[in-house]
Amino acid sequence: MPKLMQAVWRYRHDKMIRLMDELAVDALVLTTADFFQFATNFHTDVQPWERPIFAVLPRQGEGFLVMNELSTNHMRFSMEAGKVWITDVTFYAEHPMVQNRLPLVSQLPEILAERLSRAGLRRSRIALDAGSSVMAAVQRLLPDLGVRVATAEVRSLRWQKHAEELAVMQAMAGLTDWLQDRYREAIKPGRLVQEMDCAMASLFVQEAAERFPGEQFEVVRCWTLSGPASASPHGDGASCGARIREGDVLVNIVIPRLNGLTIENERTWFCGRPDDQKKALWTAARDATDAAIGAAVTGRPVCAIDAAAQAVIERAGFADCIRHRTGHAIGIVHHEYPEDMAFSQRPLLDNEVYSAEPGLYLYGVGGFRIDDTVVVGAMPRVLTATPKSLDYATVG
């Protein structure tokens, strides 16, 4: 069963310790939902802007968490299942109680100050993943505490994936390949586009239940853009009631999340035989995707992925149809780090994971985007295996 075990915790914890050494700090405090999950393997169930959460990872000693009481039973389920990696939790109140009262959200600075003091960190240096008004208040309570925001440095923790993370992503990729075959069967003139996507999401969940019973599976997106609306990467804002028409170009996006990791699989379809212009645009998109995959080589610049795809598109004469970069890193969240992949000059590292999704968008005709999820290596490894041929892409 693809899941994240203690080996991933040790891998991530070792990286956090090395980062603390580089930053010359005594602890990391993680306050955002995705980094909280990175450090704990707990599926974050609140919006931190509404119900703040804190994962404190000391350079020495055991980590601890501060969470809203809404998560009490969810955390208990996770502990009983052996999924969560940090089990020392202090809860604060979601609502006032007559008995067994917990501290209120307004007392979060006092809670954190006390927990940091108890851990021997009252005079320490701490790095944060993001700015925090609560931590600013903690500094007033602990005047000898040094706090710095290290957003860019902390993001680097998530570049390279462990083998178990890649195994989860590979398992999901196989599921998306299965669903793309179902999409191919489902595309019919006259069908409501949103209804089709809902039907595909239902099939997604049913098949996931067979493959991954008892795991944390989410449908992040099953979304199709059909006809001229697909010329905008995010649609025309008028999707309700839209139907597939004979001759339409369709772009679909399939994104699942399993045990805290995501992948992408996107394809461009034709409802009926495409004309020469559409074939040329589709072929340029497919060839650009393959070029991007071929550039995901350890040691080459991150931006080489984007440059390779753009070169193909320019040679095909469609440079004016580009509306976005070739892709993005992918992992705990759909858009992972680095977020500046089209401009980053740093060398690619083994086992980074990227979407390779160059797109062409011609107003009045449609969009053409083929997206694979690729693992960086001496020989790049593609996780998604949905066919990329005109015959497969043509329905009817």
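Novice: Describe the side chain of Ser 230, with residues and values.
Specialist: In this structure, Ser 230 sits in the loop between strand S7 (217-226) and strand S8 (249-258). On the basis of relative accessible area, Ser 230 is assigned to the buried category, the value being 1%. Among the polar contacts listed, one links the side chain of Ser 230 to the backbone nitrogen of Gly 367, at a separation of 2.8 Å. With sequence-adjacent residues up to four places away left out, Ser 230 is seen in contact with Leu 225, Val 249, Val 251, Tyr 361, Gly 366 and Gly 367.

Novice: Which residues make up the pattern of salt bridges, and what values go with them?
Specialist: Pairing is possible between side chains that carry opposite charge, provided their charged atoms lie close to one another. In this structure the tally under the stated criterion is 25 salt bridges. Salt-bridge contacts for Glu 80 lead to Arg 76; the nearest nitrogen and oxygen are separated by 3.2 Å. In this pair, Glu 80 and Arg 76 are both assigned in helix H3 (residues 72-80), four residues apart and thus about one turn of the helix distant. For the pair formed by Glu 80 and Arg 76, the shared burial category is exposed. Where salt bridges share partners, they join Arg 267, Asp 290, Asp 372 and Lys 388 into one cluster.

Novice: Can you tell me about the side chain of Thr 394, naming the residues and giving the values?
Specialist: Its location among the elements puts Thr 394 in strand S16 (residues 394-395). Its relative accessible area of 6% is what places Thr 394 among the buried residues. Residues within four places of Thr 394 in sequence aside, it is in contact with Arg 184, Phe 270, Gly 272, Arg 273 and Pro 274.

Novice: With reference to specific residues and values, describe the sheet that holds strand S11 (residues 353-356).
Specialist: Ordered by their spatial adjacency, three strands build an open sheet running S11-S14-S15, and the pairing between neighbours is antiparallel. This sheet does not close on itself; its edge strands, each paired only once, are S11 and strand S15 (381-382). Two strands pair when backbone bridges link them, and strand S14 (residues 372-375) and S15 are joined in this way by two bridges, in the antiparallel orientation. Across the sheet, the residue bridging to Val 374 is Val 382, located in S15.

Novice: Now, about unusual backbone geometry: what can you tell me, with residues and values included?
Specialist: Omega for the bond connecting Tyr 337 with Pro 338 falls within 30 degrees of zero, at 10 degrees, which places this linkage in the cis form. Looking at where Pro 338 falls in the secondary structure, it is placed in the loop between helix H10 (304-315) and S11. The backbone phi angle of Ala 24 is positive, close to 55 degrees, even though this residue is not glycine. Assignment of secondary structure puts Ala 24 in the loop between helix H1 (6-23) and strand S1 (27-30). Judged by relative accessible area, Ala 24 falls into the partly exposed class, the value being 49%. At Asn 41, a position not held by glycine, the phi torsion is positive, near 65 degrees.

Novice: Kindly report on the packing of aromatic side chains, identifying the contributing residues and their values.
Specialist: By convention here, two paired aromatic rings are described through the distance between centres and the angle between planes. All chains considered together, the criterion is met by seven aromatic pairs. Here Trp 269 and Tyr 392 contribute two aromatic rings whose centre-to-centre distance is 5.3 Å and whose plane-to-plane angle is 45 degrees, an arrangement assigned as tilted. Placement of the pair is Trp 269 in strand S10 (residues 265-271) and Tyr 392 in helix H11 (residues 390-393), with a sequence separation of 123 residues. Residue Trp 269 is classed as buried on the basis of its relative accessible area of 0%. Here the aromatic cluster, defined as three or more aromatic residues joined through ring pairs, consists of Phe 35, Phe 38 and Tyr 337.

Novice: Can you explain the pairing of S14? Please cite residues and give values.
Specialist: Residues of S14 alternate between two faces, with Asp 372 and Val 374 on one and Thr 373 and Val 375 on the opposite face, all of them buried. Connecting S14 to the antiparallel partner S15 that follows it, the hairpin turn spans five residues.

Novice: I'd like a description of helix H9 (residues 276-294), backed by residues and values.
Specialist: The terminal C-alpha atoms of H9, which comprises 19 residues, lie 27 Å apart, in line with the 27 Å expected from a rise of 1.5 Å per residue. Among the residues making up H9, those that are buried are Lys 278, Leu 281, Trp 282, Ala 284, Ala 285, Arg 286, Ala 288, Thr 289, Ala 292 and Ile 293. Regarding H9, its N-cap is Asp 275, as a side-chain oxygen of that residue lies 3.2 Å from the backbone nitrogen of Gln 277 further along.

Novice: Describe the nonpolar core, naming the residues involved and giving the relevant values.
Specialist: Counting residues in each nonpolar core, the largest one holds 67 residues, and the members touching the most others are Met 16, Leu 57 and Met 169. The element best represented in this core is helix H7 (residues 163-186), accounting for nine residues. What Met 16 contacts, discounting residues up to four positions off in sequence, is Trp 9, Leu 28, Leu 30, Phe 38, Ala 39, Leu 57 and Leu 157.

Scoring rules and cut-offs
- Residues numbered from 1 in each chain as written.
- Predicted model: local features only at pLDDT ≥ 70, side-chain atom pairs only at ≥ 80, totals over all residues.
- Heavy atoms only, no water.
- Helix = DSSP H or I, 4+ residues; strand = E, 2+ residues; numbered from the N terminus.
- Buried < 20%, exposed > 50% of the residue type's maximum accessible area, 1.4 Å probe, protein only.
- Polar contact = N/O pair within 3.5 Å; in protein donor to acceptor, adjacent residues only side chain to side chain.
- Contact = heavy atoms within 4.5 Å.
- Salt bridge = Lys/Arg side-chain N within 4 Å of Asp/Glu carboxyl O.
- Pairing = 2+ DSSP bridges.
- Phe/Tyr/Trp six-rings, centres within 6.5 Å; stacked < 30°, edge-to-face > 60°.
- Expected span 1.5 Å × (residues − 1).
- Core = buried A, V, L, I, M, F, W, Y, C linked by side-chain atoms within 4.5 Å.

Keep in mind these values describe shape, not function.
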